[in-house]
Amino acid sequence: MTSYNFLLDLALILISTKLLSLVTKKFKMPQVVGALLAGLILGPAMLNFLKETDFISQMAEVGVIVLMFTAGLETDIKELKKTGKASFIIALSGVIIPLAGGFGLAYFFNNQEIANPATPILLQNIFIGVILTATSVSITVETLKEMGKLNTRAGNAILGAAIIDDILGIIALTIITSMADTSVNILWVLLKIAAFFVCAIGVGFLFYYLFNKWQKHYNKDLRRFVIVAFVFCLLLSYCAEVFFGVADITGSFIAGLIISNTQRTKYIASRFETVSYMLLSPIFFASIGIKVVLPDMTASLIIFSILLVIVAILTKIVGCGLGAKLCRYSNAECVQIGMGMVSRGEVALIVASKGAAIGLMSSVFFGPVIITVVITTIAAPILLKLVFRSKQDKTDPPIESGLVQNIKEMDQLNNEVQELSH
């Protein structure tokens, strides 16, 4: 018999994320914090009204794909090229220092009593560090978009570094898992990652040429551009994950970059902004909170959890900030970039789950990892709001909400279409 519980789940997610987003906005915090709290409150960690289902999980995946696609659409490619070398240095520094910090902390707490006896403790300690290398760029992207800071110099550096961070994280995870699982071939994984970017560039140039040419000669129904753009985004996301082992959000971001300089980019972006605001983004951010299930904690694990949170936050700020400083960013931009890389989100949970499945992490450490994910995910938007606030921001006119901007842009585009039809 068909179940319609997903309709109730969807209604609860949408109304709770909106209400709590308004509450957090009233306290001058990013609205994404409210959406994260909604999932945490309604999920197993607190009220247990909502549980993770296939529907929520799959819709959330589409949500983050669309979020990163729109981020690509709104990215200034010229500015991103300028920050390319800097982004790599920032990402590398933001991987090495958290890796060392996580390993050092695990070295003092992990022992024979709680460690997995089937795997050397050294590898398990390194894996705790690997978990801390993860960065959830989706939280940062939504926060920067809300504040109108996505296309700033620091915003572009964060975007580029976060994408590279994902690649470096995959490499680190592959290396450590290959040490525990001999069936994993490091060289093959690295070749697949390189092959993805080569294929993406080749396909990207071809698609850009055909798509742009089609836009110039066809002005009857602009909605078709949106559908074709979305199909391209989904296909590139699918190929990235399935054939090359690269995160699907990397594929969707690159798809957005490819389309970003075409003739109807603003129209396409406005359509995706609307569906993301209305449906997909609330589901994605709430799903992060719904995933959280807090286990029983001993006194030593609570202490480890507190220290893990501190190490997770400080190592990203110091690591990425140091990398930015080496690339001659200002002190304020270094802090902004460091704060933008703090969120671990669902990425850290995925890494932890994969490692635990092959014995690289004892189950007792799941609690501290979950707590770290929750705190860093909620703290990152708040910290970003604080570091991007300045005297100039206070004198600027208030930025209109994305929905209002979308309506204005759509009205303008509709007028253009009517003129063309006449």
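It should be emphasised that the depicted structure is a prediction, and the values quoted were computed from it without experimental measurement.

Rules used in this analysis
- Residues numbered from 1 in each chain as written.
- Predicted model: local features only at pLDDT ≥ 70, side-chain atom pairs only at ≥ 80, totals over all residues.
- Heavy atoms only, no water.
- Helix = DSSP H or I, 4+ residues; strand = E, 2+ residues; numbered from the N terminus.
- Buried < 20%, exposed > 50% of the residue type's maximum accessible area, 1.4 Å probe, protein only.
- Contact = heavy atoms within 4.5 Å.
- Areas by Shrake-Rupley, 256 points an atom, 1.4 Å probe, with all protein chains shown as cover.
- Lys, Arg positive; Asp, Glu negative; His and termini not counted.
- Charge placed at Lys NZ, Arg CZ, Asp CG, Glu CD.
- Expected span 1.5 Å × (residues − 1).
- Disulfide = S-S within 2.5 Å.
- Axes fitted to C-alpha atoms, helices over the stretch in contact; angles between N-to-C directions.
- Parallel < 35°, antiparallel > 145°, perpendicular 65-115°, else oblique.
- Left-handed = near helix turned anticlockwise from the far one by under 90°.
- Nonpolar A, V, L, I, M, F, W, Y, C, P; charged D, E, K, R; others polar.
- pLDDT = per-residue confidence, 0-100.
- Phe/Tyr/Trp six-rings, centres within 6.5 Å; stacked < 30°, edge-to-face > 60°.
- Lys NZ or Arg CZ within 6 Å of the ring centre and 35° of its normal.
- Core = buried A, V, L, I, M, F, W, Y, C linked by side-chain atoms within 4.5 Å.
- Patch = residues over 30% accessible without salt bridge, like charges linked within 9 Å, V, L, I, M, F, W, Y side chains within 5 Å.
- Salt bridge = Lys/Arg side-chain N within 4 Å of Asp/Glu carboxyl O.

Visitor: Describe in detail the overall build of the chain, supporting the description with residues and values.
Guide: Helices and strands together make up the secondary structure of the chain, namely 18 helices and zero strands. Judged by the C-alpha coordinates and their principal axes, the chain covers about 80 × 60 × 45 Å. Per-residue burial for the chain yields a buried fraction of 51% across its 422 residues. Look at the contacts in the chain between residues 6 or more apart in sequence, and 81% of them connect residues 24 or more apart. Accessible area for the chain stands at about 20200 Å²; split by element, carbon and sulfur atoms hold 67% of it. Averaged over its 32 positive side-chain charges, the chain has a centre that lies 8 Å from the centre of its 27 negative ones.

Visitor: Summarise helix α6 (residues 121-132); cite the residues concerned and give the values.
Guide: The end-to-end C-alpha distance of α6, which contains twelve residues, comes to 17 Å, matching closely the 16 Å that a straight helix rising 1.5 Å per residue would cover. The element α6 is extensively covered by neighbouring structure, given that nine of its twelve residues are classed as buried. When α6 is considered as a whole, its buried residues turn out to be Leu123, Gln124, Asn125, Phe127, Ile128, Gly129, Val130, Ile131 and Leu132.

Visitor: Can you break down the state of the cysteines residue by residue, with the values?
Guide: Across all of its chains, the model carries zero disulfides by this definition. This cysteine, Cys233, is not joined by any disulfide, and Cys239 carries the nearest cysteine sulfur, 12 Å off. Cys239 takes part in no disulfide bond, and the closest cysteine sulfur to it belongs to Cys199, at a distance of 9.0 Å.

Visitor: Give a detailed account of the packing of helix α5 (residues 84-109) against helix α13 (residues 299-326), specifying residues and quantitative values.
Guide: Contact geometry of α5 with α13 gives a least axis separation of 8 Å together with a crossing angle of 155 degrees. Between α5 and α13, the angle falls in the class roughly antiparallel. Crossing geometry of α5 relative to α13 is assigned as right-handed. Tallied by class, the residues present in the contact of α5 with α13 amount to 15 nonpolar, eight polar and one charged.

Visitor: Tell me about unusual backbone geometry, and please be specific about residues and values.
Guide: The backbone phi angle of Asn48 is positive, close to 60 degrees, even though this residue is not glycine. Mapped onto the elements of the fold, Asn48 is located in the loop between α2 (31-42) and α3 (54-73). We classify Asn48 as partly exposed; its relative accessible area is 34%. You will see that Arg328, though not glycine, has its phi angle at about 70 degrees, which is positive. Structurally, Arg328 can be placed in the loop between α13 and α14 (331-340).

Visitor: Talk me through the packing of helix α10 (residues 223-244) against helix α12 (residues 265-290); I want residue IDs and the actual numbers.
Guide: Following both chains from N to C, one finds α10 and α12 inclined at 70 degrees, their axes separated by 9 Å at the closest point. Comparing the axis directions of α10 and α12 gives the class roughly perpendicular. Residues Arg223, Phe225, Val226, Ala229 and Phe230 of α10 form the contact with α12, whose participating residues are Tyr267, Ile268, Arg271 and Phe272. Split by residue class, the contact of α10 with α12 holds seven nonpolar, no polar and two charged.

Visitor: Give me the lowdown on the confidence of the model for the chain, citing residues and values where you can.
Guide: Taken over all residues, the pLDDT of the chain has a mean of 83, while the share at 70 or more is 90%. Element-level pLDDT for the chain is lowest in helix α17 (residues 391-395), with a mean of 42, against a maximum mean of 94 in α13. This stretch, residues 416-422, has a pLDDT under 50; its non-local contacts, to residues over four places away or in other chains, come to five contacts.

Visitor: Describe in detail the packing of aromatic side chains, supporting the description with residues and values.
Guide: Describing an aromatic ring pair means giving the distance of the ring centres and the angle of the ring planes. Per the counting criterion, the structure on display carries 16 aromatic pairs. Judged by centre distance (5.2 Å) and plane angle (55 degrees), the ring pair of Phe6 and Phe55 falls under tilted. Of this pair, Phe6 sits in helix α1 (residues 5-26) while Phe55 is found in helix α3, placing the two residues 49 residues apart along the sequence. Overall, the relative accessible area of 31% leaves Phe6 in the partly exposed class. Seen in terms of ring centroids, Phe103 and Tyr107 are 6.4 Å apart; in terms of plane orientation they differ by 40 degrees. Their pairing is tilted. One end of the pair is Phe103 and the other is Tyr107, both in helix α5 and four residues apart, which spans about a single turn. Taken together, the aromatic side chains of Phe207, Phe211, Trp214, Phe225 and Phe232 make up a single cluster linked through ring pairs. One residue, Arg153, lies across the ring of Tyr329, its end atom 4.1 Å from the ring centre.

Visitor: Let's hear about the nonpolar core: which residues, and what values?
Guide: Counting 90 residues, the largest nonpolar core has Phe127, Ile131, Tyr329 and Ile337 as its most contacted members. The element contributing the most residues to this core is helix α8 (residues 153-180), with eleven residues. For Phe127, the residues in contact, after removing those within four places along its chain, are Leu173, Ile176, Val351, Ala352, Gly355, Leu360 and Met361.

Visitor: Just give me the short version of a nonpolar patch on the surface, but keep the residues and values in it.
Guide: Residues Ile302, Ile303, Ile306, Leu307, Ile310, Leu314 and Val318 make up a contiguous nonpolar surface patch of about 600 Å² in total accessible area. Summarising the element assignment, Ile310 is placed in helix α13.

Visitor: I'd like a rundown of the side chain of Ser87, residues and numbers included.
Guide: One can find Ser87 in helix α5. Excluding residues that lie within four positions of it along the chain, Ser87 makes contacts with Asn156, Ala157, Gly160, Ala161 and Ile164.

Visitor: Any chance you could break down the pattern of salt bridges for me, citing the residues and the numbers?
Guide: Scanning the entire structure with this criterion turns up four salt bridges. Among the salt bridges present, the one from Lys291 reaches Glu52, with a minimum N-O distance of 3.9 Å. Placement of the pair is Lys291 in the loop between α12 and α13 and Glu52 in the loop between α2 and α3, with a sequence separation of 239 residues. Exposure remark for Lys291: the relative accessible area of 30% places this residue in the partly exposed category. Residue Lys145 is joined to Glu273 by a salt bridge in which the shortest nitrogen-to-oxygen separation is 3.1 Å. Here Lys145 is found in helix α7 (residues 137-147), whereas its partner Glu273 is found in helix α12, with 128 residues between them in sequence.

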